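# Tertiary structure, described
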Amino acid sequence: MTTRSRPDVDAEEEIDLASWVSAIAARWWLLLVGLVAGLALGWVLSVGAGEVYRAQALLYLGEPLTPSGGAQVQGLATNPSTVREITRSEAVVQRVARTVGLTPAELRRGTSVQAASGNVSRAGQTPLVNVSVKGEPRRKVAQAANELAKAVVQRVSPYVDAKIATLKVQIASAGDEISSLDARIDAATA
């Protein structure tokens with residue numbers, strides 16, 4: 001049976017820096033080749049990579065109020081996460097990607113939704129929301145941000161559209177009443 005000698009962990013070893021310096025000096029050209037190769041690779045990657053563009057659409061979802069204007073109506077427009085859910089929905093992603101000419105994966109990967117910076121969110125108030133799209137080419141990215149914003153507005157505006165229609169009917173009715181009163185006044189003064 002052979003016995004192994006155990007290494008002495010407390011032993012001091014000398015480091016010969018002179019031999020290291022002479023080895024590097026003898027092979028200086030390897031350092032130069034590595035530096036040139038690194039510079040060339042960095043240049044190729046920076047020139048070969050396409051530019052990434054970012055387009056944003058700023059949305060204000062509004063504060064839907066009751067017809068009398070006294071209280072806020074709870075709905076899609078009062079929930080800030082609505083924008084994120086709509087822009088991430090499969091139907092919207094597929095439609096926008098087809099419209100602008102991007103793949104759904106590119107659109108999903110480049111899309112982000114966040115509250116606008118500087119916005120103070122308080123209870124009962126809907127913050128401003130940014131819909132951002134990153135990618136290339138610039139025209140498609142800008143068009144995608146606009147299309148996503150349109151999709152959000154279409155989904156959260158039914159209450160507003162109904163309220164506008166109701167107010168138009170009220171205005172028309174008031175106009176008819178004014179015309180009737182004008183005719184009665186004219187008849188009374190004649």
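The notes below deal with the structure included here. (Residues numbered from 1 in each chain as written. Predicted model: local features only at pLDDT ≥ 70, side-chain atom pairs only at ≥ 80, totals over all residues. Heavy atoms only, no water.)

## Quick word on the overall build of the chain
Counting its secondary structure elements, the chain contains 7 helices and 3 strands. Ordered by position from the N terminus, the helices and strands of the chain form the series α-α-β-α-α-α-β-β-α-α. Taken over C-alpha atoms, the radius of gyration comes to 34 Å for the chain, far larger than the 16 Å a tight globule of 190 residues would show. Taken along the three principal axes of its C-alpha coordinates, the chain extends 130 × 40 × 35 Å. Excluding contacts between residues fewer than 6 apart, the proportion of contacts in the chain whose partners are at least 24 apart in sequence is 64%. For the chain, the accessible surface area stands at approximately 14,000 Å², while carbon and sulfur atoms represent 59% of it. (Helix = DSSP H or I, 4+ residues; strand = E, 2+ residues; numbered from the N terminus. Rg over C-alpha atoms; globule rule 2.2 N^0.38 Å. Contact = heavy atoms within 4.5 Å. Areas by Shrake-Rupley, 256 points an atom, 1.4 Å probe, with all protein chains shown as cover.)

## What to know about empty space enclosed by the protein
Tallying each qualifying case throughout the model produces 1 cavity of 30 Å³ or more. Contributing to the lining of the largest cavity are Thr 87, Arg 88, Val 93, Leu 107, Arg 108, Thr 111 and Leu 148. Every element with two or more residues in the lining of the largest cavity is listed here: α3 (81-88) and α5 (104-110). (1 Å grid on protein atoms, 1.4 Å probe; cavity = no way out; pocket = protein on both sides within 12 Å on 5 of 7 lines; lining within 4 Å. Points joined across faces, edges and corners; volume = space filled by probe spheres on them.)

## Some details on the nonpolar core
One finds Val 83 and Leu 107 to be the most contacted residues of the largest nonpolar core, which totals 26 residues. Of all elements in the fold, only β1 (53-60), α3, α4 (90-100), β3 (128-135) and α6 (138-156) reach the threshold of two or more residues within this core. For this core, the leading source of residues is α6, giving 8 residues. Not counting residues within four places of it along the chain, the set of residues in contact with Val 83 comprises Leu 59, Leu 61, Val 113, Val 129, Val 131 and Val 152. (Core = buried A, V, L, I, M, F, W, Y, C linked by side-chain atoms within 4.5 Å. Buried < 20%, exposed > 50% of the residue type's maximum accessible area, 1.4 Å probe, protein only.)

## Brief notes about the side chain of Asn 130
Residue position: Asn 130 is located in strand β3. We classify Asn 130 as buried; its relative accessible area is 13%. In contact with Asn 130, not counting residues within four places along its chain, are Gln 56, Ala 57, Leu 58, Ser 112, Val 113, Gln 114 and Ala 116.

## Observations concerning the packing of α3 against α6
Where α3 meets α6, the closest approach of the two axes is 9 Å, and the angle between their N-to-C directions is 120°. Here the hand of the crossing between α3 and α6 comes out right-handed. Residue-level inspection shows Thr 82, Val 83, Ile 86 and Thr 87 of α3 in contact with α6, the latter providing Leu 148, Ala 151, Val 152, Arg 155 and Val 156. Residues of the contact of α3 with α6, tallied by class, amount to 6 nonpolar, 2 polar and 1 charged. (Axes fitted to C-alpha atoms, helices over the stretch in contact; angles between N-to-C directions. Left-handed = near helix turned anticlockwise from the far one by under 90°. Nonpolar A, V, L, I, M, F, W, Y, C, P; charged D, E, K, R; others polar.)

## Examining the sheet that holds strand β2 (residues 111-115)
Strand order across the open sheet formed by 3 strands is β1-β3-β2, with antiparallel pairing between neighbours. Two strands lie at the open edges of the sheet, namely β1 and β2, each paired on one side alone. Across the sheet, the mean angle separating the axes of adjacent strands is 20° when strand polarity is ignored. As paired elements, β2 and β3 share 5 bridges and run antiparallel to each other. Each residue of the ladder has a partner; that of Ser 112, found in β3, is Ser 132. (Pairing = 2+ DSSP bridges.)

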